[in-house]
Amino acid sequence: MKVEAKPDFQTSTAPKTGADLLIDLLINEGVDTLFGYPGGAVLPIYDAIYRARGTIKHVLFRHEQGSIHAAEGYARITGKPGVVIATSGPGATNLVTGITDAMMDSLPLVVITGQVARGIIGTDAFQEADVMAITTPITKHNYQVQSISDLPRIVKEAFHIASTGRPGPVLIDVPKDISAGELFEIPAEGTIDLPGYQPTTKPNPLQIKKLADAISRAKKPVILSGAGILHGKASTELTAFAEKHKIPVVTTLLGLGTFPANSPLSLGMGGMHGTYTANMALYEADLLINIGARFDDRLTGNLKHFAPNAKVAHIDIDPAEIGKNVPTQIPIVSDSKEALVELMNQTSESPEAGDWLATLNKLKEEYPLWYKHDPNGMSPQWLIEAIHKVTNGEAVVTTDVGQHQMWAAQYYNFEKPHRWVTSGGLGTMGFGFPAAIGAQMASPGSTVVAIVGDAGFQMTLQELSVIYEQNLPVKIIIVNNGALGMVRQWQELLHGNRISESILHTHPDFVKLAEAYHIRGYKIESQEELITKLPEVFAYNGPVLMDCRVLQQEKVFPMIAPGKGIHEMIGVKPS
Amino acid sequence: MKRIISLTVQDRSGVLNRVTGLLQRRQFNISSISVGPTETEGISKMTLVVEVEDEQRLEQVTKQLNKQIDVLKVSDITDKAIVARELALIKVAGSSQLRSEINGIIDPFRALIIDVSKDSLTIQITGRPDKIDALIDLLRPYGIKEIARTGLTAFLRGHQPQVNELTTYSQIK
Ligand SMILES: Cc1ncc(C[n+]2csc(CCOP(=O)(O)OP(=O)(O)O)c2C)c(N)n1
Ligand SMILES: [Mg+2]
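Quantities reported herein were computed from a predicted structural model and do not represent experimental measurements.

### Considerations on the UniProt feature "domain: ACT" (unreviewed entry) in chain B
Here the UniProt-annotated "domain: ACT" (unreviewed entry) positions come out as residues 4–79 of chain B. This span, residues 4–79 of chain B, is 32% helix and 41% strand, and a straight line between its end C-alpha atoms measures 9 Å.

Structural data, given as structure tokens:
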């Protein structure tokens, strides 16, 4: 162990244990908030947190899953790693869903788990779980700390790995004897030692030239914009590029907001519940420029029918995504912004795509998103539109998973990036509400709306305590259809209307539930009630829960049924 | 098709688990795997023989392996000029009377008898997997009691021929 004076530690007293060192290292990385839950194996770390109070904030969630989804919401809004702490065994295993969710959606997290002391690892000790083995396939990387002197390097590497290249979760498993271990000398500043990790961020100029040439020759070009634009903070560049060449843009579910929804070049979302125009554009295109999307099956539908006539260019920072699902003629491994800047520097011509744009505009007019107004109740789509209106389309919107998620994606027209927080790859029910807590903590001045289902909300509602305690003005909108709506829809459409275990016959009184947690709650049963209540709710600077009763039978349309091609949408027009 | 994949990795705990777990998750069959230290301290070499359906999946798994933080280099060396060897220990039934007869069989393989007991003989052979298979076949009539094989280990020859000569060097089918 090298001994060196460390004058830049920010706590006033020198660290005393491995845990104190760990907390100091987190502060040095710029961490201001910890999302956590204590327990036996992390008691030394919580001692250090106690000593560091005032320098770093810890928010106590009511379930580890809540803490990690909140950290994901925080990471999605700030682009900085969310930092989670949990104890060994059950604390760590409660994080598994969130870690997987972050891995699938490329969210930077640094997850710190306690572990039993090194001497008893492998003996089935109390609250021991093989967290390293459990999390190996669901982390970008993981570490178990074997010596206090490794901590500075490991923490530095963890933040570096989590937040560079294709972001993702990194876990640090800290045995109790390491965190409790007395620190006799302050280890030297950590240095990153990762010869096997050098993400490519600059595009190959030849491939850029190839793409520029392909653009000038294209007759039916389309851009597919994914979350890679968010990670590269490249929305402005994307918009400039699309406008320069008059190329229409389809966004993925996670890419909503990367391109302004009201732009004439915007075709909306593609995929299973995307717009007819977006999907037909992908189907008919002769040049498909994918920027930072991973050709997920919910986007492509049956691969046999996906972009059958297109030359495919794919810009992605992760080389393993290129060619994984769709054969790619122009592979560009790069950061999205760097590639777009280089593309803008090319002097090649814009495509002659006037006819193409005219055709797409006609499709847009002919096949807009649609729903029926029912005099007997509130349509969920209308509810989303009403929320859009009262928030001027400027809220940070988080969702859970299900029908309400798709309606929020379809009807809350996102104009700006970093305002949309949803679980895309893993489709994790229980994500939406805690993610809103993290988003609100990341952006205290923003209006944050959690649009959740009546079923999914009940998976993580215990975090109501947190919004009360922290006085976070999150607005919870329960899109209450008395059902596991998305499951019910599939059963109705694809399983012969056999409605099996997807109706929620009893519900708690959500208003009383909110009140039990000291939060304002309202039951909304009609459009009129909603219209009168919404302005008041959104003017109030505190948390509110709205239990909005919507039509149970409503379905998400249009839709690509499983196994079908992207051009075979059903429900494209009112029947 | 079988492919030989050579990996240079950092010798850190969990790296073998990451590599084999990844192959399992992406549904690759591992025929053999061998791991050991290299000329550089802290760096290990792994040689994997895997069963792959098509080029596209091979490329995908190579890229996924490359993404692992502790993996420094991944190369499919199947079609390169390589030296590839495996070691096998084969225990056959029989007493020392059989010794000269067995010696006659194993001699052309440059194998050795390394242990003799009352009722068994143990043979050590080094070579390409097909050569080992051939010897095992010849020894089968004597009654094979036990086999232990190391799995293939390989690296590039000092000299790499021009591209058009390559196919003749393919070591396994
Ligand atoms: C943890 C988890 N379990 C199960 C599912 C499968 N699933 C997807 S949507 C859905 C129904 C969700 O119901 P609700 O939260 O009320 O939303 P709605 O579809 O009614 O809007 C279910 C069960 C899931 N995505 N996540
Ligand atoms: Mg529901």
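### Focus on helix H23 (residues 527–539) of chain A
Residue and element names in this part refer to chain A. Helix length check: H23 (13 residues) gives 19 Å between terminal C-alpha atoms against 18 Å at 1.5 Å per residue, within 8%. Along H23, the sharpest change in direction is near 35° and occurs at Lys-533; proline Pro-535 comes one to four residues later. Taken together, the buried positions of H23 are Gln-527, Leu-530, Leu-534, Val-537 and Phe-538. Tucked into the core, H23 has its buried residues touching helix H16 (380–390), strand S15 (448–453), strand S16 (475–480), strand S17 (520–524) and strand S18 (544–549).

### Quick look at the sheet that holds S17 of chain A
Strand pairing in a sheet takes place through backbone hydrogen bonds and is either antiparallel or parallel in direction. All names here are of chain A. Read across the open sheet, the six strands follow the order S14-S13-S15-S16-S18-S17; overall the sheet is parallel. Looking at the sheet topology across the chains shown, the edges are occupied by strand S14 (420–421) and S17. Relative to S15, strand S13 (residues 396–399) is paired through four bridges, and the arrangement is parallel. When the sheet's bridge partners are listed, Val-396 is paired in S15 with Val-448. Contacts from H16 reach S15, S16 and S18, with the element oriented near 165° to S16.

### Overview of the packing of helix H1 (residues 15–25) of chain B against helix H2 (residues 55–67) of chain B
Residues and elements named next belong to chain B. Close contact between H1 and H2 brings their axes to 10 Å; oriented N to C, the two are set at 150°. The angle between H1 and H2 falls in the class roughly antiparallel. Judged by the twist between their axes, the crossing of H1 over H2 is right-handed. The residues of H2 that touch H1, namely those facing Val-19, Leu-22 and Leu-23, are Val-61, Gln-64 and Leu-65. Across the contact of H1 with H2, the residue classes tally to five nonpolar, one polar and no charged.

### Looking at the domain arrangement of chain B
Residue and element names in this part refer to chain B. We note that the domain assignment places domain 1 (1–74) and domain 2 (83–154) within chain B. Measuring from the centre of the C-alpha atoms in domain 1 to the corresponding centre in domain 2 gives 29 Å. Both sides of the domain 1 and domain 2 interface together cover about 430 Å² of buried area, and 54% of this is carbon and sulfur. Inspection of the domain 1/domain 2 interface yields zero salt bridges. Between domain 1 and domain 2 we count three residue pairs in polar contact (both at pLDDT 80 or more) in total. Residue assignment for the side of domain 1 that touches domain 2 shows that the elements contributing at least two residues are strand S2 (29–37) and strand S3 (43–51). Of the residues assigned to the side of domain 1 that touches domain 2, the class counts are three nonpolar, three polar and one charged.

### Let's talk about the confidence of the model for chain B
Confidence along chain B averages 91 in pLDDT terms, with 94% of residues attaining 70 or more. This stretch, residues 165–173 of chain B, has a pLDDT under 50; its non-local contacts, to residues over four places away or in other chains, come to 21 contacts.

### Overview of a nonpolar patch on the surface
A contiguous nonpolar patch, built from Leu-493, Leu-494 and Ile-570 of chain A and spanning about 210 Å² of accessible area, is present on the exposed surface. Structurally, Ile-570 of chain A can be placed in the segment after S18.

Conventions and cut-offs
- Residues numbered from 1 in each chain as written.
- Chains lettered and ligands numbered in written order.
- Predicted model: local features only at pLDDT ≥ 70, side-chain atom pairs only at ≥ 80, totals over all residues.
- Heavy atoms only, no water.
- UniProt positions renumbered as here; feature names shortened; annotations may be inferred.
- Helix = DSSP H or I, 4+ residues; strand = E, 2+ residues; numbered from the N terminus.
- Expected span 1.5 Å × (residues − 1).
- Bend = angle between axes of the 7 residues up to and from the residue.
- Buried < 20%, exposed > 50% of the residue type's maximum accessible area, 1.4 Å probe, protein only.
- Contact = heavy atoms within 4.5 Å.
- Pairing = 2+ DSSP bridges.
- Axes fitted to C-alpha atoms, helices over the stretch in contact; angles between N-to-C directions.
- Parallel < 35°, antiparallel > 145°, perpendicular 65-115°, else oblique.
- Left-handed = near helix turned anticlockwise from the far one by under 90°.
- Nonpolar A, V, L, I, M, F, W, Y, C, P; charged D, E, K, R; others polar.
- Domains from an automatic or database assignment.
- Buried area = accessible area lost by both parts, 1.4 Å probe.
- Salt bridge = Lys/Arg side-chain N within 4 Å of Asp/Glu carboxyl O.
- Polar contact = N/O pair within 3.5 Å; in protein donor to acceptor, adjacent residues only side chain to side chain.
- pLDDT = per-residue confidence, 0-100.
- Patch = residues over 30% accessible without salt bridge, like charges linked within 9 Å, V, L, I, M, F, W, Y side chains within 5 Å.
- Areas by Shrake-Rupley, 256 points an atom, 1.4 Å probe, with all protein chains shown as cover.

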